[in-house]
Amino acid sequence: MSYYVNVDYGREKSLDKQHEHVWRAFAGRPLRYAFTPKFAFASRAEWFDDFDGFSTGTKQSMMEVTLTGEYKMANFALARLEFRNDWSDKSVFERGSGVAKSQPTILLGVILALGPKK
């Protein structure tokens with residue numbers, strides 16, 4: 001089992017030193033648990049506050065939660081099935097002909113590690 005917590009705080013000034021942009025973020029993977037040497041489950045959550053809209057173009061707070069299932073196919077191959085949902089306090093995600101405050105995503109991926117092993 002493993003976990004981590006990450007906190008970011010950024011402050012940037014414009015070249016003319018007239019404007020200052022501040023953003024902050026928090027991320028954590030509260031859980032990654034390997035049930036067997038081949039199967040594992042992981043979860044992650046992140047929060048990002050862009051209160052002046054400098055980074056995203058919109059004044060907003062955003063959050064995401066991700067759930068991931070992993071299957072180790074071989075020493076060099078890992079398959080992942082991932083569900084992620086993003087939220088914002090503003091309608092910023094394109095959906096059809098409009099916009100929404102949330103966006104779900106499903107991903108199926110294979111990671112191949114090519115090269116010498118340490």
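Please refer to the structure placed before this passage.
Everything numeric in this text was worked out from a predicted model, so none of it was measured.

Moving on, we get to the overall build of the chain. Secondary structure summary: the chain contains zero helices and eight strands in total. Listing each helix as α and each strand as β along the chain from the N terminus yields β-β-β-β-β-β-β-β. Here the C-alpha atoms of the chain give a radius of gyration of 18 Å, more than 25% beyond the 13 Å that 2.2 N^0.38 yields for 118 residues. C-alpha atoms of the chain, sized along the principal axes, occupy 55 × 40 × 25 Å. Of all 118 residues assigned to the chain, the portion counted as buried reaches 23%. Across the chain, contacts joining residues at least 24 apart in sequence account for 35% of those joining residues at least 6 apart. In the structure as shown, the chain presents an accessible area of about 8600 Å², 60% of it carried by carbon and sulfur atoms. Computed over 17 positive and 14 negative side-chain charges, the inter-centroid distance for the chain is 8 Å.

About the criteria used
Residues numbered from 1 in each chain as written. Predicted model: local features only at pLDDT ≥ 70, side-chain atom pairs only at ≥ 80, totals over all residues. Heavy atoms only, no water. Helix = DSSP H or I, 4+ residues; strand = E, 2+ residues; numbered from the N terminus. Rg over C-alpha atoms; globule rule 2.2 N^0.38 Å. Buried < 20%, exposed > 50% of the residue type's maximum accessible area, 1.4 Å probe, protein only. Contact = heavy atoms within 4.5 Å. Areas by Shrake-Rupley, 256 points an atom, 1.4 Å probe, with all protein chains shown as cover. Lys, Arg positive; Asp, Glu negative; His and termini not counted. Charge placed at Lys NZ, Arg CZ, Asp CG, Glu CD.

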